[in-house]
Amino acid sequence: SIGAILMHMISCDIWWIESVALGLENPTQNEATEFDKQIDQMSGVWPAPPDYPAEWYFDLMLSTRERLFELLKG
């Protein structure tokens, strides 16, 4: 579903920026990173995302990216 893909994208943003680009040992944990732990991509297992309106997902993505941009600036 689109919600599951958005959650995965948010989690990937956090991992790539915080872990890979910035070398942080403990990247941020939020709803998206917790959701992402349930995905088994190789087996095609994607759980149902939280039952929230699309705006919730977009707000989470926006707030995550704003914070990541600030980390990158620093």
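Up top is the structure these notes are about.
Residue numbers here run from 1 along each chain, matching the order of that chain's written sequence. Side-chain atom pairs in this predicted model are given and counted only at pLDDT of 80 or more, local residue features only at pLDDT of at least 70, and totals for whole chains, interfaces and linings cover all residues. Heavy atoms from the whole structure form the basis of all side-chain values; hydrogens and water molecules are not counted.

Time to look at the packing of helix α1 (residues 2-21) against helix α3 (residues 54-73). Helix packing for two helices is described by the angle between their axes and how far apart those axes are. It is the contact of α1 with α3, at a shortest axis distance of 10 Å, that shows an interaxial angle of 10°. Relative to α3, α1 is oriented roughly parallel. For the pair α1 and α3, the contacting residues are G3, L6, M7, M9, I10, D13, I14, I17 and E18 in the first and W56, Y57, F58, L60, M61, T64, R65, R67, L68, L71 and L72 in the second. Gly falls in the polar group here, along with every residue not listed as nonpolar (Ala, Val, Leu, Ile, Met, Phe, Trp, Tyr, Cys, Pro) or charged (Asp, Glu, Lys, Arg). The residue makeup of the contact of α1 with α3, split by class, is 14 nonpolar, two polar and four charged. Here an angle of 0 to 180 degrees is reported between the N-to-C directions of two axes, which are lines fitted to C-alpha atoms, with helices fitted over the stretch in contact. Under the DSSP-based scheme used, a helix requires at least four consecutive residues in state H or I and a strand at least two consecutive residues in state E, with every element numbered from the N terminus. Every angle not falling under 35 degrees, over 145, or within 65 to 115 is termed oblique; those three ranges are roughly parallel, roughly antiparallel and roughly perpendicular. Contacts were defined at the residue level, with two residues in contact if any of their heavy atoms lie within 4.5 Å.

When you line up the elements, E31 lands in helix α2 (residues 31-36). Distance from E31 to L68, taken between C-alpha atoms, is 16 Å for residues 37 residues apart in sequence. The residues contacting E31, other than those within four sequence positions of it, are M7, W56 and L60.

Attention shifts here to α1. In an α-helix, one turn spans 3.6 residues, which is why side chains three or four residues apart end up on the same side. The span you would expect from a helix comes to 1.5 Å times its residue count less one. End to end, α1 covers 27 Å across 20 residues, agreeing with the expected 28 Å (1.5 Å per residue, within 8%). Burial classes follow relative accessibility: with a 1.4 Å probe on protein chains only, a residue under 20% of its type's maximum area counts as buried, one over 50% as exposed, and anything between as partly exposed. All of the buried residues in α1 are G3, A4, L6, M7, H8, I10, S11, D13, I14, I17, E18 and S19. Here the buried face of α1 lies against α2 and α3. Taken from the residues just after α1, G23 is the one with a positive phi, measuring 70°.

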